[in-house]
Amino acid sequence: MHKYVESRTQVFQCCLDDFIRSDSSVRALDSILDYVINEKKIVSPTGQSRVGRRAFDAQYLIKLYVWGVMNGVSSCRKLEHASYVNMELRWLLKDQHPTYKTIANFRKNYGSYIASVFRNMVEVLIEDNLVTGKIWAIDGHKAKANAKRDMLSVKSLTQQVREIKASIDEIIEELDKDDVSENDSANEDTADNDGKAIEREAKVRELEAQMKLMKEKQDIIDKANERDLNYISLTDEDAMLMQTRRGKLPAHNGQIVVDSENHLIVGAEISDSVADYHSLYNVISKTVFRTGFHPKTILADAGYDATPDIQGIYQHICSGIHVNSRITDRDKQDLKFTYHSDKNVVECPQGKFMKQMGIENKSNGMKYRRYQCKECEGCPIMDKCTKSQKGRTYKIAYNNDFLELFRNKMNQPEAKKLLSKRKAIVEHVFGTFEDWTGFRGFSLRSRVKAQIEWTLFALTYNVRRLINIMRKDTRPSKNLLGMIYQYCYYFLHAFWVFLHTTLSLLVSIRKESQVRCAKIRLTAYDYRLIHQE
């Protein structure tokens, strides 16, 4: 029933725990992280010193960050403000209020602790059979870096250095001419010599400024060349120009590995390449090393179709690697070439033999044997086969046996059926996470700090996903016995609430009646005193 109150001076005798609902997600968040940290005995890097005022415990600071990511609060100042006004966060932190500087320094300085909590959480999930390793799916997401949208082009900077160098040469030449003319006009008027001296000083200052500018631009070029980049950002030097859904902009390539059982993240890495092409072996091997768990099947899209990576995983990690194959120009041609390994020749569709003419090394790490046909003149299908006047060339990879084996395996119906499940396992994770948290890009700069942020996002996703799994498990069972048990539980719970409410109401009525009787007796006593006087 609504009760109108005019003042805000009510006094409550309660604790923080009374303000938090029993089914609140913040209780589950607190229990999950406490269980992981205490079960795996993760030592907190802060709050252990007994000298002076103790620092905030890292266990509470990581809970603060996970709560912030879950609720779309990424700013350290907003997290500090929320620790005062948000009742759930006050309960989670036990009414502690770290400053924004403490919050920011924790994420900046203790990335290894965040990574340790995520790694141990994955181990707990494996031990509880929430991660089974039957199927792992990998995918990447290019997220905007904390950098200016306009990046510097190495080609443009090189041209600017050339122009500055030419300008410096002109200034030096002018100064040399001034020196010669100064020697010739040593006996001229003093006023003219003073004017030339001022002009000379101005040219020297301009020369120093141009040389300083050239050095700054050359340093930027050297940094870009060290990382083999064509574009570089001054605000985040590790950011790379990538094609995203928001256009070309400086970004980081975040990779995740998701287990198919409950769609939980088991690996999260920031790749050092623009595309996914060279990320497969690096990400999978790091995930296997950190979890100590070998999956039975790995699924990836055509962007990961790098033969050295696939072969490395097939031989050392998992023989159940499945990758969508790219459709090449050779696949589009309706021409069949046959490789004869015993004779080291290639037979063309017209039955002519192509001999090896050399070896070709590609930048992607592949090594090919190059074959060329010398009898193409007068061939009836030459226009369809090649446009070169020297004859058709054909390349065979050194690991051609593995390539043929893998392609035949990917063309099997079972492999195609498995690959069709990849999107449902991994691709929704990025959209779900952005919808939950409002994530649109990284807040920290450099690849190392972006890795900390990416790991924190993966940890938060797993916590949120685990909370949903726990809620799903508490729903009524579909079998009859489970339904009876649930109904009995709900009936007993409702009866207990009714009994508790009734008793409380009776107690309050009794207290009110006692107070009313006391007032009546007090009034009667006052009446007798008045009459006696």
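Look up a bit, the structure's there.
Predicted model only: the values in this text are computed from it and were never measured.

(A) Looking closely at the overall build of the protein chain. Secondary structure assignment for the protein chain yields 17 helices and 13 strands. Taken across its 533 residues, the protein chain has 39% of its residues classed as buried. Considering only contacts in the protein chain between residues 6 or more positions apart, those separated by 24 or more positions represent 69%. For the protein chain, the exposed area adds up to about 33400 Å²; of that, 52% sits on carbon and sulfur atoms.

(B) Representation of the sheet that holds strand β10 (residues 345-347) within the structure. Here we have five strands laid out as an open sheet, ordered β9-β10-β11-β12-β13, and antiparallel in their pairing. Each of the sheet's edge strands pairs with one partner strand only, and the pair in question is β9 (338-340) and β13 (393-397). Ignoring strand direction, the axes of neighbouring strands in this sheet form an average angle of 35 degrees.

(C) Fine view of the pairing of strand β6 (residues 264-271). Counting buried positions along β6 gives eight out of eight residues, so the element sits mostly inside the fold. Where strand β5 (residues 247-259) and β6 come together, seven bridges link them in antiparallel fashion. The partner of Asp-259 across the bridge, within β6, is Leu-264. The antiparallel pairing of β5 with β6 creates a hairpin that spans four residues between the two strands, and His-263 there sits at a positive phi of about 60 degrees.

(D) Region of the structure containing the pattern of salt bridges. Taken as a whole, this structure holds 14 salt bridges when the rule is applied. The salt bridge partner of Arg-290 is Glu-269, with a shortest N-O separation of 2.2 Å. Taken as a pair, Arg-290 in helix α9 (residues 280-291) and Glu-269 in strand β6 lie far apart in primary sequence, 21 residues in all. Among the charged side chains, a salt-bridge network with shared partners connects Asp-30, Asp-34 and Lys-63.

Cut-offs and rules
- Residues numbered from 1 in each chain as written.
- Predicted model: local features only at pLDDT ≥ 70, side-chain atom pairs only at ≥ 80, totals over all residues.
- Heavy atoms only, no water.
- Helix = DSSP H or I, 4+ residues; strand = E, 2+ residues; numbered from the N terminus.
- Buried < 20%, exposed > 50% of the residue type's maximum accessible area, 1.4 Å probe, protein only.
- Contact = heavy atoms within 4.5 Å.
- Areas by Shrake-Rupley, 256 points an atom, 1.4 Å probe, with all protein chains shown as cover.
- Pairing = 2+ DSSP bridges.
- Axes fitted to C-alpha atoms, helices over the stretch in contact; angles between N-to-C directions.
- Salt bridge = Lys/Arg side-chain N within 4 Å of Asp/Glu carboxyl O.

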